[in-house]
Every structure is written in structure tokens, then in C-alpha cells.
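# Structural characterization, general
Letter by letter, the chains look like this.
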Amino acid sequence: MTRATGRGASSAAPRSVDVARLAGVSQKTVSRVFNDEPYVSADVRRRVVEAAEQLGYRRNNAARALASGRSRSIGVVTLGTALYGPASLLMGVERVVRDTGYALRVVNTVEGDPAGVAGAVDSLLDQGVDGIVISEPIDETGPEGDVALRVDVPVLVLGAPPGLTAPTVLTAGDGADVMARTATEHLLNLGHATVHHLAGPQRWYAARDRLEGWQATLTAHGRELPPVVEGDWSAASGYRAGLELAADGAPTAVFAANDDMAIGLIHALTEAGLRVPQDVSVVGFDDIPVAAHITPPLTTVRQPFDTVAQEGLKRLVHAIENPDADPLPASDPPVDLVVRASTAPPADRTTPARARRTASRTDKGAPAPRPTNGGPSSRP
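Notes on the structure in this doc start here. (Residues numbered from 1 in each chain as written. Predicted model: local features only at pLDDT ≥ 70, side-chain atom pairs only at ≥ 80, totals over all residues. Heavy atoms only, no water.)

Spatially, the five strands line up as an open sheet ordered 2-1-3-5-7, and their pairing is parallel. Each edge of the open sheet carries a strand with a single partner, namely strand 2 (103-109) and strand 7 (169-172). Along the sheet, successive strands turn relative to each other by an average axial angle of 20°, direction set aside. Strand direction decides the pairing type here: strand 1 (residues 73-79) and strand 3 (residues 131-135), joined by five bridges, are parallel. Among the inter-strand pairings, Val-76 is bridged to a residue of strand 3, identified as Val-133. Strands strand 1, strand 3, strand 5 (155-158) and strand 7 of the sheet are contacted by helix 12 (residues 305-321), whose axis makes an angle of about 170° with strand 7. (Pairing = 2+ DSSP bridges. Helix = DSSP H or I, 4+ residues; strand = E, 2+ residues; numbered from the N terminus. Axes fitted to C-alpha atoms, helices over the stretch in contact; angles between N-to-C directions. Contact = heavy atoms within 4.5 Å.)

With that settled, the discussion passes to the environment of Ile-320. With respect to the element layout, Ile-320 can be found in helix 12. Taking the C-alpha atoms as reference points, Ile-320 and Thr-168, separated by 152 residues in sequence, lie 9.2 Å from one another.

Counting across every chain of the model gives two cavities of 30 Å³ or more. Approximately 510 Å³ is the volume attributed to the largest cavity. Lining the largest cavity are 32 residues, and of these Gly-85, Ala-206, Arg-210, Gln-303 and Phe-305 sit closest to its centre. Within the residue set of the lining of the largest cavity, elements represented by two or more residues are helix 6 (84-100), helix 8 (176-189), helix 9 (205-220), helix 11 (259-271) and helix 12. The residue makeup of the lining of the largest cavity, split by class, is 18 nonpolar, seven polar and seven charged. In this structure, the second largest cavity occupies an estimated 30 Å³ of space. Looking at the lining of the second largest cavity, its residues break down into five nonpolar, two polar and no charged. (1 Å grid on protein atoms, 1.4 Å probe; cavity = no way out; pocket = protein on both sides within 12 Å on 5 of 7 lines; lining within 4 Å. Points joined across faces, edges and corners; volume = space filled by probe spheres on them. Nonpolar A, V, L, I, M, F, W, Y, C, P; charged D, E, K, R; others polar.)

Burial runs high along strand 1: seven of the seven residues are buried. When strand 1 meets strand 2, the two strands line up parallel, connected through seven bridges. If you follow Gly-75 over to strand 2, its bridge partner there is Arg-105. Once the chain exits strand 1 it traverses helix 6 before rejoining the sheet at strand 2, and the crossover so formed is right-handed. (Buried < 20%, exposed > 50% of the residue type's maximum accessible area, 1.4 Å probe, protein only. Right-handed = clockwise from strand over helix to strand, strands pointing away.)

Listed in full, the buried residues belonging to helix 3 (residues 27-34) are Thr-29, Val-30 and Val-33. The buried residues of helix 3 all sit within an arc of 105° when viewed along its axis, so they share a single face. Check the buried side of helix 3 and you find it contacts helix 2 (16-23) and helix 4 (42-55). Just past helix 3, the residue Asp-36 takes up positive phi, approximately 55°. (Arc of directions from axis to C-beta.)

The next subject is the sheet that holds strand 10 (residues 253-256). Hydrogen bonds between backbone atoms are what pair the strands of a sheet, whose relative direction is either parallel or antiparallel. With respect to topology, six strands assemble into an open sheet ordered 9-8-10-11-12-13, the strand pairing being mixed. At either margin of the open sheet sits one strand with a lone partner, and together these are strand 9 (229-230) and strand 13 (336-338). On the sheet, helix 9 packs against strand 8 (196-199), strand 10 and strand 11 (281-286) and is oriented at approximately 175° with respect to strand 8.

Attention now moves to the pairing of strand 8. Along strand 8, one buried face is formed by His-196 and Leu-198 and the opposite face, lined by His-197 and Ala-199, is buried too. Inspection of the sheet shows strand 8 paired to strand 10 by three bridges, in the parallel sense. The residue of strand 10 that forms the bridge with Leu-198 is Ala-256. In the sheet, strand 8 pairs with strand 9 via two bridges, with the strands oriented parallel. Bridge pairing in strand 9 places Leu-198 opposite Val-229. This β-α-β element, strand 8 to helix 9 to strand 9, shows right-handed connectivity.

Direction vectors running N to C along helix 2 and helix 4 enclose 120°, while the axes themselves pass 9 Å from each other. Classed by the angle they form, the pair helix 2 and helix 4 counts as oblique. By crossing handedness, the relation of helix 2 to helix 4 is classed as right-handed. Contacts between helix 2 and helix 4 involve Asp-18, Val-19, Leu-22 and Ala-23 from the former and Arg-47, Val-48, Ala-51, Ala-52, Gln-54 and Leu-55 from the latter. Within the contact of helix 2 with helix 4, the residues separate by chemical class into seven nonpolar, one polar and two charged. (Parallel < 35°, antiparallel > 145°, perpendicular 65-115°, else oblique. Left-handed = near helix turned anticlockwise from the far one by under 90°.)

Turning to the side chain of Asp-130, a few remarks are in order. Along the chain, the position of Asp-130 falls in the loop between helix 7 (116-126) and strand 3. Note on Asp-130: relative accessible area 9%, which makes it buried.

Another point: the packing of aromatic side chains. Each aromatic ring pair is described using two quantities: the centre-to-centre distance and the angle formed by the ring planes. In total, this model carries three aromatic pairs according to the counting rule given. Taken together, a centroid distance of 5.8 Å and an interplanar angle of 75° make the contact between Tyr-84 and Phe-305 edge-to-face. Of the two residues, Tyr-84 is situated in helix 6 and Phe-305 in helix 12; the sequence distance between them amounts to 221 residues. For Tyr-84, a relative accessible area of 29% puts it in the partly exposed group. Considering the side-chain rings of Trp-204 and Trp-233, the 5.7 Å spacing of their centres and the 80° angle between planes classify their relative orientation as edge-to-face. (Phe/Tyr/Trp six-rings, centres within 6.5 Å; stacked < 30°, edge-to-face > 60°.)

As a further point, take the side chain of His-192. Checked against the element boundaries, His-192 lands in the loop between helix 8 and strand 8. The exposure class assigned to His-192 is buried, which follows from its relative accessible area of 2%. A polar contact of 2.8 Å, which involves the side chain of His-192, links it to the side chain of Thr-252. Residues within four places of His-192 in sequence aside, it is in contact with Leu-187, Arg-223, Thr-252, Ala-253, Ser-281, Ala-344, Pro-345 and Pro-346. (Polar contact = N/O pair within 3.5 Å; in protein donor to acceptor, adjacent residues only side chain to side chain.)

Rendered as C-alpha cells:
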């Protein structure tokens, strides 16, 4: 096809009837294509899409909203933060919503505001959204208990939900405990007697899930539960935790609740003269882009942000457009342990830690031994 020219293309915005004429189909077929309805052949769908692109046709969502009683918009409640996990999940939601043809309305909450979620939901309902995504990672429960939300549109909750009532409540992205079990099992399977945990702040649902997964795994294997060290998700808090663990004699294995803390932990352990993974194995969580490029590259659990967003939004849109139908079934999130060089079987611990650290520092500065017994000479 070629781009349409002439009076109709330049003097007015193209209409669905223009797309139908160019594609050689009925106006009803154009509507069915853009509503993603079934029983449209791949060839017809392709012709309609190409015609729309060539004409510069855009659906009139305002008119469709008036006709259908829906605004074709989805609201998102999310914590206003640049932390990798929440920010990546929001980006995944934005990409998926754009592909569904719905508009996206985002309201950020502020950490420490118990009424933040309720106020954000009210704001979105006032804007007439068709559905709501709640991606609120922090427990803001006040002294009076959960905030009861009454919502009259379908709701998708990413993680642990606040107390709410809605026609349909869907959940996605709530498998962090299973991923934490996988990380802990990896270290136990390497032969470590137990695994220490560098936890995230316990007001965060995800931090609790990861701690519970770690704890359940050690308990199931009958292993010692070491004291938990709590950080704040930052590399600086991981560094402080690493200094504390090194001063206490150093564990052989640590599971950190996110990669940033794991990186800070490795920094502190290295400064204390401990080698990763020869002396201490470290596993992180998230698989941030830099995790593969630190020294040593970090073993970590990759979070399936895009998969969670795609499946969750698919189920939410189905609930919006089919209010009388049963919800689409959920599937378990994938667990992807990325094994790199920061984990290994435990070294022989018969030598005291302080002596090993001293020997390590001495070895680094000592000259290489001269070959003996007829070994190869260092001279060419």
C-alpha cells in the first residue's frame, strides 16, 4: 500500500471508515481489529493495521468511553522511589498498559504516610479509571490496623495487598519467598553448614517474604538460624553489615535481600581480608545490570518484572472487559537463579579466620617462589 493523498488526508483527521476503505474491509471489521476481538484472520488484521499506520489513524478513546461507559484508562498506585525493584516493576506495567491501548494514570505515595494508598485510590477513582494496579511495597499499617478500601473496579495487587474490597482482586508478583528459598538452597547444596541473611527493612513486604523464605529453608534442613542483620536496601548498609559480620568471625555464606546490599557486603569483606567466594560465598537478589560486572560477578536471583507485569495486566484487562466472566488463572512466577563467581563450596575452616586473613595479605605482597626440582625456569 501507499500513503493516501488528497483532500481527505490533509484536511481532516482520518476516520475508521477511511481505514476500512483503504484496507478493503468493513468498518465493523476495523472496529474488531482494534478491539482485539477474535475471528479476524491474520491477513485482514495486517491490512487494517497497515492502512491505519499509513493514514495516521488514531482511535478516538474519548468517544469509545462514552459509548462503552469506560474511560479506557488504568490507574497505578506506587511508592515514589528510584529503588531498582519498584521502579523496574512500574516500567514493566507502563510498557504493558501502552500495548493494551489503555491510558495510564500514576499516583505516587510517600513512605511514612498511612493514608497514602487510600488517598491515591480515591484520586484514581475520581478520574474514572476502569481498573487499578496497587504496587505499594511498604506496610503503612497504623495503630488502628489495616486501612479498609472499598473499590468499585477490578484491582491488581503486585505483592501483598492492603485491606480492600473490590469486585475482583487479583494478585501477581508474590513469589519472593520461593525465590529466597532457591537462593538459600543453592548455598546449602554447595556444602555450607548454614547461611546468614542480610535482610531488607522489615516494613517492606518483599523484605519479609525473603526473610521468611530463608528461614523456612534452614528450618526444613535442620540448620542453625544465625542472627539476622538488617539493612535499608542501600550498598552503604550492606557495607556496614559486612564489617559487622567480619568482626564477628565471618560466616561462610550470606544471602542478601538485594544486589545493592550484596555489593556493599562484598566491598567490606574484601577490605577485611576475606576473599569472595573462597572464604565467603554471597548471593544477591534482583539481578541489577551491574551485578554481572563487579568483582567477582554476583550470583543472584533474577526478578521477572516484565513477566509479572504482562500476566497481571492481561488478567486485569480481562476482568475489566469481561466483568461477568471468571478471572483468568494465575501461574507461578518463574524462578531464575543466575549462578556467577561469587559462590563456591566452603573452604577448610580449620585455620582461624584471623590467620587466614593475615596469610592472604602476606601472600599478596610476597614474591613468587623460585622453581625447584627441575621445574620450568622463569627465564626465557
